[in-house]
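Understanding the architecture of this molecule
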Amino acid sequence: MRKLLLISSFILMLMFIGACSSDDSAGSTDGSSDSEGSDAAGSGEYTIGLTYTTPESGSTHLGMEKFKELVEAGSDGQIEVELYPSGQLYASEREAIEAVQSGNIEMTVTASAPVAGFDKRFMALDLPFIFPDHETAYEALDGELGQTLLDGLPEIGLVGLAYGETGMRQFSNSKRPIESPEDMKGLKIRVMENEVHIDTLSAYGADASPFAFGELYSALQQNIYDGMENPLNLIDQMKFYEVQDYLTISNHSYTATVGFMNADFYDALPDDLQQLLKDSASEAMDYQRGIARQQDEEGMEVIKENMEINELSPEQKKMFIEAADEIFKKYESEIGSDLMELARSYSK
């Protein structure tokens, strides 16, 4: 009997050891082992969650796929990038920025306009008719103006990596063609969460207010808004031409995108990985700009078949510029006179 008990105990002990070994083996395959550096052998030592509101067909998503590829390859698997397009996590860009600030997610790419709600100096990029064309915008953003703005982001818990592109913005609505500021009077226009955009459209006589981009199609469909202003590529990708009848090629504002990260997360990275992220973002955003320009051209072909289009003449554009002159005076103190002067120098 004693022998039987000893044998039974020995068998139970072997079974217990086997079960523990199985658990340890399972833990090591998913990177959950307690040993230092084991995450690198699994899904990476660092995970970057990256959120944005634009769709998977858009240039931002394609650019961020490039960013993911560059970062993961360049870090030899130390960094894993998880992409969350189409507002999966946050419906508005403001919510995404707040989430990055608080550390709820590591990174986002948003239009530059909502960033002004966190750092007023960014309003310099939203001044009407400040950039006459894409090339001038690139010169400004990749030069002194853009770097000056990025340098201030750590003060609000963010680190700017690079600028991409949303594009030149155009007016659209479901009521009538827009050829002068008078034509905008009384129109309910959706704008981004940005004081300069709101005040500029208000100066033209419109009833302007912000609204989440991810919910904009239904708002236009339900006539909550008469119109909006967006680049051609987004009008096409989001099929806004289905709920808008008139398009005005105004080029009244250029909107960049900004890729930025939570400052605490970024600062905790080794220097070589920090540099990798900046270099990868710069290359990916440059790649994204090219796609955005191409999508503008392709989108215009689709839009032509679905909307009535007019383009502002130089004389008509002058009326809009003069009507918005008060905007520059109003925001000079908030933007800073030196930064305002630098921004305005690109419009000449």
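For the structure, see preceding data.
Described in the following lines is the structure provided in the data block. Keep in mind that this is a model prediction, so the values were computed, not measured. (Residues numbered from 1 in each chain as written. Predicted model: local features only at pLDDT ≥ 70, side-chain atom pairs only at ≥ 80, totals over all residues. Heavy atoms only, no water.)

1. A few points about a negative patch on the surface
- A cluster of acidic residues, Glu69, Asp279, Glu283 and Asp286, forms a negative patch at the surface.
- The element best represented in the negative patch is helix 12 (residues 271-304), accounting for 3 residues.
- On the secondary structure map, Glu69 appears in helix 3 (residues 59-74). (Patch = residues over 30% accessible without salt bridge, like charges linked within 9 Å, V, L, I, M, F, W, Y side chains within 5 Å. Areas by Shrake-Rupley, 256 points an atom, 1.4 Å probe, with all protein chains shown as cover. Salt bridge = Lys/Arg side-chain N within 4 Å of Asp/Glu carboxyl O. Lys, Arg positive; Asp, Glu negative; His and termini not counted. Charge placed at Lys NZ, Arg CZ, Asp CG, Glu CD. Helix = DSSP H or I, 4+ residues; strand = E, 2+ residues; numbered from the N terminus.)

2. What about the nonpolar core?
- If you look at the biggest cluster of nonpolar residues, it comprises 55 residues, and the most contacted ones within it are Phe122, Phe131, Leu145, Tyr163, Met184 and Leu201.
- Judged by nonpolar contacts, the second largest core, of 25 residues, contains Met107, Val109, Phe265 and Met285. (Core = buried A, V, L, I, M, F, W, Y, C linked by side-chain atoms within 4.5 Å. Buried < 20%, exposed > 50% of the residue type's maximum accessible area, 1.4 Å probe, protein only.)

3. What about the packing of aromatic side chains?
- What the rule picks out here adds up to 7 aromatic pairs.
- Between Phe131 and Tyr346 the ring centres are 6.2 Å apart and the planes differ by 70 degrees, which places this aromatic pair in the edge-to-face class. Taken together, the positions of Phe131 in the loop between helix 5 (112-115) and helix 6 (134-141) and Tyr346 in the segment after helix 15 (337-345) put the pair 215 residues apart, joining distant regions of the chain.
- When its relative accessible area of 3% is taken as the criterion, Phe131 is described as buried.
- Ring geometry for Tyr204 and Phe320: centres 5.0 Å apart, planes at 85 degrees, overall edge-to-face. Remark: Phe320 occurs in helix 13 (residues 314-323) and Tyr204 occurs in the loop between helix 8 (195-203) and strand 6 (207-210); sequence separation between them is 116 residues.
- Note on Phe320: relative accessible area 0%, which makes it buried. (Phe/Tyr/Trp six-rings, centres within 6.5 Å; stacked < 30°, edge-to-face > 60°.)

4. Structural notes on the pattern of salt bridges
- Overall, the coordinates contain 12 salt bridges when judged by the stated rule.
- Between Asp325 and Lys329 there is a salt bridge, with its nearest N and O atoms 3.6 Å apart. In this pair, Asp325 and Lys329 both sit in helix 14 (residues 325-335), 4 residues apart, roughly one turn of the helix.
- Assessed through its relative accessible area of 31%, Asp325 is described here as partly exposed.
- One network of salt bridges, in which partners are shared, links Lys120, Glu195 and Glu334.

5. With respect to the packing of helix 8 against helix 14
- Between helix 8 and helix 14, whose axes approach to 10 Å, the crossing angle comes to 155 degrees. Our classification of the angle between helix 8 and helix 14 gives roughly antiparallel. In this structure, helix 8 crosses over helix 14, and the sense of that crossing is right-handed. Residues Glu195, Val196, Asp199, Thr200 and Ala203 of helix 8 pack against Glu326, Ile327, Lys330, Tyr331 and Glu334 of helix 14.
- Here the residues of the contact of helix 8 with helix 14 are counted per class, giving 4 nonpolar, 1 polar and 5 charged. (Axes fitted to C-alpha atoms, helices over the stretch in contact; angles between N-to-C directions. Parallel < 35°, antiparallel > 145°, perpendicular 65-115°, else oblique. Left-handed = near helix turned anticlockwise from the far one by under 90°. Contact = heavy atoms within 4.5 Å. Nonpolar A, V, L, I, M, F, W, Y, C, P; charged D, E, K, R; others polar.)

6. Some details on the layout of surface pockets
- The computed volume of the largest pocket comes to approximately 290 Å³.
- Lining the largest pocket are 16 residues, with Gln147, Leu150, Leu161, Ala162 and Tyr163 sitting closest to its centre.
- Among the elements of the structure, helix 7 (144-151), strand 4 (158-173) and helix 12 are those that each provide at least two residues to the lining of the largest pocket.
- Considering every element that reaches the lining of the largest pocket, the biggest residue donor is strand 4, with 5 residues.
- A class-by-class count of the residues in the lining of the largest pocket yields 7 nonpolar, 4 polar and 5 charged.
- Estimates place the volume of the second largest pocket at around 150 Å³.
- In this structure, the second largest pocket is lined by His134, Met168, Gln170, Leu232, Ile249, Asn251, Arg293 and Asp296.
- Of all the elements in the fold, those that place two or more residues in the lining of the second largest pocket are strand 4, strand 8 (246-262) and helix 12. (1 Å grid on protein atoms, 1.4 Å probe; cavity = no way out; pocket = protein on both sides within 12 Å on 5 of 7 lines; lining within 4 Å. Points joined across faces, edges and corners; volume = space filled by probe spheres on them.)

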